[in-house]
Amino acid sequence: MLRRRQPRKGVTVMECAVIFPLVFLILAGTIIAAVGVFRYQEIAAVAREGARYATVRGQRYEFQTGNKAATPQEVYEQAILPRAVALDTKQLTYSVTWSPDNRQGGTVTVQVNYHWIPEAFLGGIQFSSTSTMLVSY
């Protein structure tokens, strides 16, 4: 004896109504997290580039080339700002310090801070990266 299945009208619509919002939230969260990782990686790269720029423009560089040694403002304008293309520069702060000074053998430390407001308006997140290198020139 064959039994006919009872039609279950509306079951698919109800399943979709429950599952689709969950899938959308997971997908949106993954994309926003990936953008956050990208922003952090960019902050770290900008800090490294700033330190690299300052490490080859120390006191010896000034003596041999006649050009001025790097200043914090110059590090920002020549190394950090041109590489911060996907960042809102109004949310970007930096500091450049030499220890004990900018002579060969000393160290330069570049710290970059960025206040990121995620695309989902979840509040702000503060990213910070520090790079320290030996002054080599």
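Residues numbered from 1 in each chain as written. Predicted model: local features only at pLDDT ≥ 70, side-chain atom pairs only at ≥ 80, totals over all residues. Heavy atoms only, no water.

A. Structural view of helix α3 (residues 72-80). Those residues of α3 not exposed but buried are Val75, Tyr76, Ala79 and Ile80. Taken around the axis of α3, the buried residues stretch over an arc of 110°, which confines them to a single face. Close packing links the buried residues of α3 with α1 (11-55), β1 (92-99) and β2 (107-116). (Buried < 20%, exposed > 50% of the residue type's maximum accessible area, 1.4 Å probe, protein only. Helix = DSSP H or I, 4+ residues; strand = E, 2+ residues; numbered from the N terminus. Arc of directions from axis to C-beta. Contact = heavy atoms within 4.5 Å.)

B. Representation of the packing of α1 against α3 in the model. With their axes 9 Å apart at the nearest point, α1 and α3 run at an angle of 120° to one another. Taken as axis vectors, α1 and α3 run oblique relative to one another. Helix-helix and strand crossings are classified by hand; for α1 and α3 the assignment is right-handed. Contacts between α1 and α3 involve Val46, Glu49, Gly50, Tyr53 and Ala54 from the former and Glu74, Val75, Gln78, Ala79 and Ile80 from the latter. Partitioning the contact of α1 with α3 into residue classes produces 6 nonpolar, 2 polar and 2 charged. (Axes fitted to C-alpha atoms, helices over the stretch in contact; angles between N-to-C directions. Parallel < 35°, antiparallel > 145°, perpendicular 65-115°, else oblique. Left-handed = near helix turned anticlockwise from the far one by under 90°. Nonpolar A, V, L, I, M, F, W, Y, C, P; charged D, E, K, R; others polar.)

C. Looking closely at the sheet that holds β2. Read across the open sheet, the 3 strands follow the order β1-β2-β3; overall the sheet is antiparallel. Each having just a single partner strand, β1 and β3 (125-134) make up the two edges of the open sheet. Taken over all neighbouring pairs, the strand axes of this sheet differ in orientation by 15° on average, direction set aside. Pairing of β1 with β2 involves 8 bridges; the strand directions are antiparallel. The residue bridging leucine 92 from the neighbouring strand is tyrosine 114, located in β2. Across the sheet, α1 is in contact with β1, β2 and β3; its angle to β3 comes to roughly 30°. Across the face of the sheet, α3 comes into contact with β1 and β2 while running at roughly 125° to β1. (Pairing = 2+ DSSP bridges.)

D. Representation of the nonpolar core. One finds Ile43, Val75, Ile80, Leu92, Val110, Val112 and Tyr114 to be the most contacted residues of the largest nonpolar core, which totals 23 residues. Elements with a minimum of two residues in this core: α1, α3, β1 and β2. Top element by residues in this core is α1. It accounts for 7 residues. Those residues in contact with leucine 92 that sit more than four places away from it in its chain are Ile43, Tyr76, Ile80, Ala84, Leu87, Val112, Asn113 and Tyr114. (Core = buried A, V, L, I, M, F, W, Y, C linked by side-chain atoms within 4.5 Å.)

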